[in-house]
Amino acid sequence: MLLSDLAKVCGMQDSWVGLISETKGVREERRPKENYVIPEMRIENISDPVTPSLILITAPAAVGKTTAAHYLSHTLRAPVVDLSTLHVGSNALEGALWKSMSPGKAGNFVEEMKAGRATLIIDALDEAEIRSGQANFQAFLRDVAETASDMSGKPAMIMLSRAESALSLTGLFKERSLQYSHYEILPFGRSQAETYLDSRMVEVYAASGKEAVHRRYLAPYEKARDKLFFLLASVISSDSSDIWEDPHVRDFLGYAPVLDVAAEFLAVDNFTTLHREFSSSETVEGTAHWHLVAQVIDHLLVREQDKFVTQFIETAEFESFRDRQLSAALYSPEEQCTRLLDYVENIPTSVQLPALLPERLREPYEVAVTAQLVNHPFLRGSRWFNVIFRDYVTARSLASVTTASNAGASIRRRLLSSEWRHSPMFAYFTHALTQVKGESVSTCHSELFGALYESFKSMCVAGDTLHFAAGRRGNRLVASYAVSSKRQNEMILAMGPLTFGSYEGNLTLTFPRELSNAELYEVPEVVLGGEGRSFKFGPSVYIACHDLLVVAKDIQVFGTGEESEMSVLLNVANLISENVKIRVESAQLHLICDDLSYPWTQYQRKLNPSRLQSDAREGSALYLELRRIVLRFKDAKKGEAALFQPFVDNLIIGENRRARTALDFLQNIGCVELRNSMYLLDLTEFAKLGISRPQLRELEMSEAVLAVTQRLVEFASEKGL
């Protein structure tokens, strides 16, 4: 049903009451709301067959309760009691009516309500709870219930509130056996969202002094609008059919604040160019729409802060303080994120209260924040509205400089635990929130690299492969993530590469569950597994690190069964493990380490550097990089193997100087050439080295291998490396 259908069952006056003052918390909306999109309603509770004395309308934050109150007031000629402007308590409702109408008019109006010929609208119930405190708020609710119990005939009161604040009210209704009906305002459907967006576009253009050109160039505008809707929906669902049929998509796209930000994004002069930009965001890095979603969510946090501050500065406690400069620091977006993680995820995080907040205001501030938090737009009850808000809050908390170090550590532990169900959103939001404008690298704690791996991995479907590379750059680690996808027998780069750098001194990588198609080089410390669970290696893993800590209870190595797949090679200085079990299926596990104990001993493969000359260790490292690069090449046409150049430069090599030296060597001797954004490996030329690819996979040492290793050392020396 629509809100207009609900209005038809309520009492409507023949004429307006006529207020003597609109400064006492009561107003009449005599002008219609322009371009109002009448929302759909869902029945939560119906008092059938008894006629309800009261109607309760609830909705999440920013869905449009106040606008609905405006519509109902104009339609029913009903006065609105705006609780956002009042301190409520016992007799507050009666007092507001008397002061606004005069005692005589107020008495007549109440009699009309009792007869079913008039309706009173009470708006902003949730805001009254913050402004007035719990005791006064409960006293006010008892008065409302008492007044409503005297009504008969048509519903005489309509109350609007966020759902969470209405719980105490519905409990009181049931306690007093008061008949009421409860409806919830739904987010906009497709046609409603399009109508609302059209109106908001007019307002955005007008604010800039421009003509609303989207109505003149309707076809290209609609094309850009629908593309934007599709990009935003892809954050939630990969289904390419009718996106509005998915209730989770509708909840997000039909949310008025989301449409408000979309209007600002769409209010351009050239919709064809905008559509082209939207389309390119899918194929380059695929992150443009994530930045847009982050902007939308930030807008909601700022809106929530403004709403809270407006009410708190009117409290008696704040009035006695009289320092308006403090208001900008209250209930900041960062503080909201910290409190939300504590409330929903039970992550122990210390909240940094505003430094200017005096001691005598701290207790009333905490009480007010507690009342506001349960009504947060990111929540449904004690759970997240959806995973979008969860992952944004988590990423923003970790990116914030106000988050204490112990709090950040607690959040990272949760992200690496078995309890956390990963989605791609966390990785994308971390990239969006930690990237400096104009820079290609986002910055975060190195412990997050493993969580980012899990997050990006969760976006992969059948035919997709996540590629991960990480290495040391000075006193930092740098990691790159990319996703390739097989479509119509052709491999394309579906996402990335996206690059992240660690903070100074963060040099440990932790992977809690699995690792495949990964290249790790010159990393001081790598930790595999967590909470004593199994750890899974997929194919094509190369780890060169100083300390390898295995905390998993067992290691499992799996392969794809393809003949050309790379094995798992661990090249470590120190291996630290205890009571670990190892199971290898399909793929091979190679471990290079000076000191090995059972059960790792059986997997040891040494390069025997003693047969080389003085630069034995460097030569071994260079040979391993050459091996890694060559085994990555995929057979193309006869006599050639190929790799996409950006994939090689950004992921296989990155900042790895030894890998770059090995590739330069292969190009120098004529084995590899760059042609049309592809690196091509001439298999005939490579065979002249006397090393076959099966020998590379098995790490078989031969005279030819030793000769190539020596040539690599000499080449690096000539280049001054």
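Asks: In this structure, what is going on with the overall build of the protein? I would like to understand it.
Replies: The number of helices and strands found in the protein is 26 helices and 26 strands. The principal-axis extents of the C-alpha atoms in the protein amount to approximately 110 × 55 × 50 Å. Expressed as a percentage of the 721 residues in the protein, the buried residues total 56%. Summarising the internal contacts of the protein: among those between residues at least 6 apart in sequence, 72% fall at separations of at least 24. Within the structure as shown, the protein displays about 31000 Å² of accessible surface, and the carbon and sulfur contribution to it stands at 48%. Counting 76 positive and 92 negative side-chain charges, the protein places the averaged centre of each group 1 Å from the other.

Asks: Help me understand unusual backbone geometry in this model?
Replies: Generally, phi is negative for residues other than glycine and the peptide bonds are trans, each holding for most cases. Across the junction of Y598 and P599, the peptide omega takes the value 5°, indicating a cis bond. Considering the arrangement of structural elements, one finds P599 in the loop between β22 (589–592) and α21 (616–632). Located in the positive-phi region is S540, a residue other than glycine, with phi close to 60°. Structurally, the position occupied by S540 is in the loop between β17 (535–537) and β18 (541–550). For N676, which is not glycine, the phi dihedral falls at a positive 50°. Note on placement: N676 falls in the loop between β25 (672–675) and β26 (678–682). Residue classification places N676 among the exposed positions, given a relative accessible area of 71%.

Asks: Just to check I follow, could you spell out the side chain of N517 for this structure?
Replies: In this structure, N517 sits in the loop between β15 (514–515) and β16 (518–528). Residue N517 is classed as buried on the basis of its relative accessible area, which comes to 14%. Beyond its immediate chain neighbours, meaning those up to four positions away, N517 contacts T465, L466, H467, F468, P539, S540, V541 and R632.

Asks: Please explain the pairing of β25 as it appears in this structure.
Replies: Looking down a regular strand, the side chains alternate between one sheet face and the other. Relative to β26, β25 is paired through four bridges, and the arrangement is antiparallel. Residue pairing in the sheet places L674 in a bridge with Y679 of β26. Linking β25 to β26, which pair antiparallel, is a turn of two residues; within it N676 sits at a positive phi near 50°.

Asks: How do you make sense of the nonpolar core when you look at a structure like this?
Replies: Across soluble globular proteins, nonpolar side chains show a tendency to be buried alongside one another. With 155 residues, the main nonpolar core has L515, L520, F537 and W600 as its most contacted residues. Looking at this core element by element, the count peaks at eleven residues for helix α13 (residues 288–312). Apart from residues no more than four positions distant in its own chain, F537 is found in contact with L515, L528, I543, I555, Q556, V557, F558, V568 and L570. One finds A544, F647, V705 and F715 within the second-largest nonpolar core, a separate group that totals 41 residues.

Asks: Would you take a moment to explain the sheet that holds strand β21 (residues 581–584) for this structure?
Replies: Strand pairing in a sheet is mediated by backbone hydrogen bonds. Such pairs are either parallel or antiparallel. Spatially, four strands are ordered β15-β17-β19-β21 in an open sheet, and the strand pairing comes out parallel. Either end of the sheet is taken by a strand with one partner, and the two such strands are β15 and β21. With four bridges connecting them, strand β19 (residues 554–557) and β21 associate as parallel partners. Residue Q556 lies in a different strand from β21, and its bridge partner there is R583.

Asks: Help me understand the packing of aromatic side chains, please; the structure alone is not making it clear to me.
Replies: To describe a pair of aromatic rings, you give the distance between the ring centres and the angle between the ring planes. This model, assessed by the stated rule, comprises 26 aromatic pairs. Summarising the aromatic geometry, the rings of Y221 and F271 are spaced 5.5 Å apart at their centres and angled 65° between planes, so their arrangement reads as edge-to-face. Taken together, the positions of Y221 in helix α9 (residues 218–234) and F271 in helix α12 (residues 271–283) put the pair 50 residues apart, joining distant regions of the chain. We note that Y221, like F271, is buried. Taken together through their ring pairs, the aromatic side chains of Y428, Y453, F456, F468, Y481, F500 and F511 make up a single cluster.

Asks: How should a nonpolar patch on the surface be read in this particular structure?
Replies: A cluster of nonpolar side chains, contributed by M1, I43 and I46, occupies part of the molecular surface with about 270 Å² of accessible area. Along the chain, I46 turns up in the loop between β2 (41–45) and β3 (54–58).

Asks: Quick question: what am I supposed to make of helix α8 (residues 190–207) here?
Replies: Think of an α-helix as 3.6 residues a turn; residues three or four steps apart then line up on the same face. With 18 residues, α8 should reach 26 Å at 1.5 Å per residue; the first-to-last C-alpha distance of 26 Å fits that figure. Positive backbone phi, at 70°, marks G209, one or two positions downstream of α8.

Asks: Explain the packing of helix α19 (residues 424–434) against helix α20 (residues 448–457) to me, please; I cannot follow it from the model alone.
Replies: Geometrically, a packed helix pair is captured by the angle between its two axes and the distance between the axes. At their nearest, the axes of α19 and α20 sit 6 Å apart, and the two run at 125° to each other. Classed by the angle they form, the pair α19 and α20 counts as oblique. Relative to α20, the crossing made by α19 is left-handed. Here α19 contributes P424, M425, F426, A427, Y428 and T430 to the contact with α20, which in turn contributes L448, A451, L452, S455 and F456.

Asks: Would you explain the sheet that holds β25 in this entry?
Replies: Reading across the sheet, the four strands line up as β23-β24-β26-β25 and stay open at both edges, with antiparallel pairing between neighbours. In this open sheet, the two strands that pair with only one neighbour each are β23 (634–635) and β25. Each of β24 (640–644), β25 and β26 touches helix α22 (residues 645–653); the most contacted strand, β24, lies at about 65° to it.

Asks: What exactly am I supposed to notice about the environment of P79 here?
Replies: Of note, P79 is situated in the loop between α2 (65–76) and β4 (80–82). The class of P79 is buried, set by a relative accessible area of 0%. Along the primary structure P79 and E29 are separated by 50 residues, whereas in three dimensions their C-alpha atoms are 7.5 Å apart. With residues up to four places along the chain from it excluded, the contact list for P79 reads Q13, V26, R27, E28, M101, F109, T119, L120 and I121.

Asks: Please clarify how the packing of helix α15 (residues 333–345) against helix α17 (residues 387–399) should be interpreted in this entry.
Replies: At their nearest, the axes of α15 and α17 sit 9 Å apart, and the two run at 120° to each other. The pairing of α15 with α17 is recorded here as oblique in orientation. Crossing angle aside, the handedness with which α15 passes α17 is left-handed. Contacts from P333, E334, C337, T338, L340, L341 and E345 of α15 reach α17 at R390, V393, T394, R396 and S397.

What counts as what
Residues numbered from 1 in each chain as written. Predicted model: local features only at pLDDT ≥ 70, side-chain atom pairs only at ≥ 80, totals over all residues. Heavy atoms only, no water. Helix = DSSP H or I, 4+ residues; strand = E, 2+ residues; numbered from the N terminus. Buried < 20%, exposed > 50% of the residue type's maximum accessible area, 1.4 Å probe, protein only. Contact = heavy atoms within 4.5 Å. Areas by Shrake-Rupley, 256 points an atom, 1.4 Å probe, with all protein chains shown as cover. Lys, Arg positive; Asp, Glu negative; His and termini not counted. Charge placed at Lys NZ, Arg CZ, Asp CG, Glu CD. Pairing = 2+ DSSP bridges. Core = buried A, V, L, I, M, F, W, Y, C linked by side-chain atoms within 4.5 Å. Phe/Tyr/Trp six-rings, centres within 6.5 Å; stacked < 30°, edge-to-face > 60°. Patch = residues over 30% accessible without salt bridge, like charges linked within 9 Å, V, L, I, M, F, W, Y side chains within 5 Å. Salt bridge = Lys/Arg side-chain N within 4 Å of Asp/Glu carboxyl O. Expected span 1.5 Å × (residues − 1). Axes fitted to C-alpha atoms, helices over the stretch in contact; angles between N-to-C directions. Parallel < 35°, antiparallel > 145°, perpendicular 65-115°, else oblique. Left-handed = near helix turned anticlockwise from the far one by under 90°.

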